[in-house]
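Structure at a glance
For reference, the chains in residue letters:
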Amino acid sequence: MIPETIEAYGVRLRRTGPADVPDLVAGCADPETRRFLPALPEEYDADSARWWIAEGEPAVWAAGGCAYAIADPDTDRLLGGIGLTRLTAARADFEIGYWVAPWARGRGVATAATRALGERAFAAGAARLELLTHRENEASQRAALSCGYRHEGVRRAAGAARDGVRHDLLAWVRLADDPPGPTARLLPDLPGGRLTDGVVTLRRLEPADADALHRLHTLPEVVANRVPPVPPDRESIARRCRLAAGYWLAGDAADLAILDAATGVLVGGCALGYDEPATGQATLGYSVLPEARGRGLATRAVRLLAGWAFHVGVARLWAGTREENLASQRVLERAGFRREGVLRGRMPGVDGARTDSVVFGRLASDRD
């Protein structure tokens, strides 16, 4: 049985009480809280908080779950909320969820509370805990990884927003017999947040990169290498920039901006996709704006990205180009890749046609 009070890892989990009403209202009225908890009432006020304390929280316990206030163990001030919802009694699996008040963010509160409640849940007989996060919620994904949860997949259209539009949620799962400690990441963070050789700098894509990236990916020569070869709209590029952190943390892809190291201006983009984690194989792609071409920046970016990839455990990198794209092939050759052959009809073309792809590969053991 899970106790009504848990104190561990610098937080206290306890039942919510009348003294928490002002902080509960302030925390649940916060735009960031509401962004990821669309089920909250449209106007969260003191009556909403009192209903939760008197009826909502007890109902969770009565249904076989649990619900707590996260509190500071020194002051007992409310820092957020956390709880478990029973999914199926026969399988002993639960969904864990939490929110953190704005005055408590950046202090590891979600990680501490999730670890504390998870340990008690497993001790009480839970076999599987599932944590669902928005792909845009980087902090929540980092908390899941820190607590040893593994990325299990995507729950398509599992989340609803206030505007009625449904969206995907990422599923992170921890089992009772999983090893202790954080989950090892396929794609760790860049050291210091960036890679540089003094001429070019690589960093993760950010929302502010959307305009420059959209200009890049609507160039005809770049569109020709897209799948399918259709120019993207501005919103799809903006979404790509917003979700870059989520794909990175899940181990799917590292999407990067190429910057001029001297000016900090975005001059292109590159990405690494972990297409075969089981075999240690990843693929990469890159493109540079016209005004930055002819300076060797793409080659430098590919070398930086490849060096980092091999350092974090990738065993083999490959890239494909259209047969007529000689400039891109020269970039790969200068970056230490070897031509391996042609995949006939690999890429979709215009009007249902197929185009060949020239494949280049590089191994971790290859010398520059």
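Structure: above.
So, here is what we can say about the structure in this document. Owing to the predicted nature of the structure, the values given are computational and were not obtained by experimental measurement. All residue numbers here refer to positions counted from 1 along the written sequence of the relevant chain. Under the rules for a predicted model, residues below a pLDDT of 70 receive no local features and side-chain atom pairs below 80 are neither given nor counted, while totals for whole chains, interfaces and linings still include all residues. With hydrogens and water set aside, each side-chain value is computed from the structure's full complement of heavy atoms.

1. Digging into the side chain of Gln281
Secondary structure counts use DSSP, requiring at least four H or I residues in a row for a helix and at least two E residues in a row for a strand, with both numbered from the N terminus. Mapped onto the fold, Gln281 is located in strand β13 (residues 281-288). Within 3.5 Å is the distance limit for a polar contact, defined as a pair of N or O atoms, with the added protein rule that one can donate a hydrogen and the other accept it, and that residues adjacent in sequence qualify only through two side-chain atoms. A distance of 3.2 Å separates a polar atom in the side chain of Gln281 from a polar atom in the side chain of Asp275. Contact definition: two residues touch when any of their heavy atoms are within 4.5 Å. Excluding residues that lie within four positions of it along the chain, Gln281 makes contacts with Tyr274, Asp275, Glu276, Arg316 and Trp318.

2. Quick word on helix α6 (residues 210-217)
Each residue's exposure class comes from its accessible area (1.4 Å probe, protein chains only) as a fraction of the maximum for that residue type: buried when under 20%, exposed when over 50%, partly exposed otherwise. Within the sequence span of α6, burial applies to Ala210, Leu213, Leu216 and His217. All buried residues of α6 lie within an arc of 125° about the axis, which places them on one face of the element. Where the residues of α6 are buried, they touch α7 (220-223), α8 (234-249), β12 (266-276) and β13. Working note: the arc is built from the helix axis to C-beta atom directions.

3. What to know about the packing of aromatic side chains
Stacked, tilted and edge-to-face are the three classes applied to pairs of Phe, Tyr and Trp rings, where Trp contributes its six-membered ring and a pair requires centres within 6.5 Å; stacked means planes under 30 degrees apart, edge-to-face means over 60, and tilted covers the rest. Tallying each qualifying case throughout the model produces 2 aromatic pairs. Judged by centre distance (5.5 Å) and plane angle (75°), the rings of Trp61 and Tyr68 are edge-to-face. There is no split in this pair, since Trp61 and Tyr68 are both buried. With a centroid separation of 5.8 Å and 55° between ring planes, the pair formed by Trp248 and Trp308 is classed as tilted. Of this pair, Trp248 sits in helix α8 while Trp308 sits in helix α9 (residues 297-311), and the two are 60 residues apart along the sequence. Here Trp248 matches Trp308 in class, with each residue buried. The ring of Tyr247 has Arg135 sitting right over it, with the charged end atom 3.8 Å from the ring centre. Ring-over charges, as used throughout, are those where CZ of Arg or NZ of Lys falls within 6 Å of the ring centre and within 35 degrees of the ring normal.

4. Digging into the sheet that holds strand β8 (residues 166-175)
When DSSP locates at least two bridges between a pair of strands, those strands are taken to pair. If you trace the 8 strands from one edge of the open sheet to the other, you get β1-β2-β3-β4-β5-β6-β8-β7, paired in mixed fashion. At either end of the open sheet lies a strand with only one pairing partner, and these are β1 (6-8) and β7 (150-160). On average, adjacent strands in this sheet sit at an angle of 25° to one another, irrespective of strand direction. Pairing of β7 with β8 involves 7 bridges; the strand directions are antiparallel. Across the sheet, residue Val154 finds its bridge partner in β8, namely Leu170. Only the contacting stretch of a helix is used when fitting its axis, a line to C-alpha atoms as for every element, and angles between N-to-C directions run 0 to 180 degrees. Contacting β3 (66-71) and β4 (78-88), helix α3 (residues 46-62) runs over the sheet at an angle of about 125° to β3.

5. Things to note about the pattern of salt bridges
For this document, the term salt bridge refers to a Lys or Arg side-chain nitrogen within 4 Å of an Asp or Glu carboxyl oxygen. A full pass over the atoms with the stated rule returns 35 salt bridges. Between Arg14 and Asp76 there is a salt bridge; the shortest N-O distance is 2.9 Å. In this pair, Arg14 sits in strand β2 (residues 11-14) while Asp76 sits in the loop between β3 and β4, placing the two residues 62 residues apart along the sequence. Take Arg14: its relative accessible area is 11%, and that puts it in the buried class. Asp76 gets classed as partly exposed once you look at its relative accessible area, which sits at 31%. Here Arg142 makes a salt bridge to Asp189, at a shortest N to O gap of 3.0 Å.

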